[in-house]
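If you want the building blocks of each chain, they are given just below.
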Amino acid sequence: MIPHPSLGDKLRRAVWNAVWLLLYRPSPIPLHGWRRFLLRLFGATIGAGARPYPSARIWAPWNFEMGAGSTLGPRGEIYSVARVTLGPWSVVSQRAYLCTASHDIHAPGFALTAAPIAIGRNAWVAADAFVGPGVTLADGAVAAARAVVVKDVDRNVIVGGNPAAPIGTSSLADFADGSMKPGG
């Protein structure tokens, strides 16, 4: 169960939302360095060469980490009530939604719950996919377009559908970081 946010938490989120609206969102697409700076300013851990797009939304940057060379694509959503980690060279494509929080339907008051999400090295969350609380996509794993991922995905496994189920394998974990071809 997640406690109600303090006044300080609410103020920090309000300031971040203003910065996102006035400085982050209107920045031109190529200015990834500017957006990395703003995210770091609000406590995010951002690796060299990470590419956060201007229309991507991050609920709480202080609960967000992007590895070197990773991408958070256009209109991607990071609902980071708990920690969200994008591994090196991972890709979260357009309109993907990574959601760390839900509600306990059995608890009195429909209590808010949260669990971290981890996207492994060279993993890919494709367009419009949903990744739920507590899910880990291992290195090289792929969540196909519009997949609803509510369970962990093993190394180099491709999942698709709702709920997501294995539909194939990839060799992405075998790629040298950023090379997009196996072994080099």
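See above for the structure.
Summary of the structure given here. Positions within a chain are numbered from 1, following the residues in the order the chain's sequence is written. Local features in a predicted model are, by the rule used here, given only for residues with pLDDT of at least 70; side-chain atom pairs are given and counted only at 80 or more, and totals for whole chains, interfaces and linings are based on all residues. For side-chain calculations, the full set of non-hydrogen atoms in the structure is used, while hydrogens and water are omitted.

Describing the side chain of S93
A run of DSSP states H or I qualifies as a helix once it reaches four residues; a run of E qualifies as a strand once it reaches two. Both are numbered from the N-terminal end. Counting through the fold element by element, S93 comes out in the loop between β8 (91-92) and β9 (97-99). Polar contact criterion, stated in full: a pair of N or O atoms within 3.5 Å, where within protein one must be able to donate a hydrogen and the other to accept it, and residues adjacent in sequence count only if both atoms are side-chain atoms. A polar side-chain atom of S93 sits 2.7 Å from a polar atom in the side chain of W124. In this structure, S93 is in contact with G73, W124, V125, A126 and A127, ignoring residues within four places of it in sequence. Any two residues whose heavy atoms approach within 4.5 Å are treated as being in contact.

Side note on the nonpolar core
Counting residues in each nonpolar core, the largest one holds 38 residues, and the members touching the most others are F64, L98, V125, L137 and V149. Secondary structure elements with two or more residues in this core: α1 (7-24), α2 (32-41), β4 (64-66), β7 (84-86), β12 (117-119) and β18 (157-160). The element contributing the most residues to this core is α1, with 4 residues. Beyond its immediate chain neighbours, meaning those up to four positions away, V125 contacts V91, V92, S93, A96, L98, I119, V131, L137 and A143. Note on terminology: a nonpolar core comprises buried Ala, Val, Leu, Ile, Met, Phe, Trp, Tyr and Cys residues joined through side-chain atoms within 4.5 Å. Burial here depends on accessible area, computed with a 1.4 Å probe over protein chains only, as a share of the maximum for the residue type. Under 20% is buried, over 50% is exposed, and the range in between is partly exposed.

Some words on the packing of aromatic side chains
We call Phe, Tyr and Trp rings a pair once their centres come within 6.5 Å, taking the six-membered ring for Trp, and we label the pair stacked below 30 degrees between planes, edge-to-face above 60, and tilted otherwise. Tallying each qualifying case throughout the model produces 5 aromatic pairs. Geometrically, the ring pair formed by W59 and Y79 is edge-to-face, given 5.2 Å between the ring centres and 75 degrees between the ring planes. Highlighted residues: W59 in the loop between β3 (57-58) and β4 and Y79 in strand β6 (residues 77-79), separated in sequence by 20 residues. When its relative accessible area of 31% is taken as the criterion, W59 is described as partly exposed. On the basis of relative accessibility, which here comes to 23%, the residue Y79 falls in the partly exposed class. One aromatic cluster is present, built from ring pairs that chain together W16, Y24 and F42. Charge over a ring is defined by NZ of Lys or CZ of Arg lying within 6 Å of the ring centre and within 35 degrees of the ring normal. Its guanidinium or amino end placed over the ring of W62, R12 lies 3.9 Å from that ring's centre, counting from NZ or CZ. The ring of W20 has R57 lying over it, and the distance from NZ or CZ to the ring centre is 3.8 Å.

Notes on α2
Residues three or four positions apart in an α-helix share a direction because the helix packs 3.6 residues into each turn. Taken together, the buried positions of α2 are occupied by H32, R35, R36, L38 and L39. The arc enclosing the buried residues of α2, seen along the axis, measures out at 165 degrees, which places them on a common side. Buried-residue contacts for α2 involve α1, β1 (45-46), β2 (51-52) and β3. Following α2 by one or two positions, G43 has its phi on the positive side, about 95 degrees. What the arc measures is the spread of directions leading from the helix axis to the C-beta atoms.

Some details on the side chain of T100
Take T100: it is sitting in the loop between β9 and β10 (101-103). Separated by 2.9 Å, the side chain of T100 and the backbone nitrogen of V81 make a polar contact.

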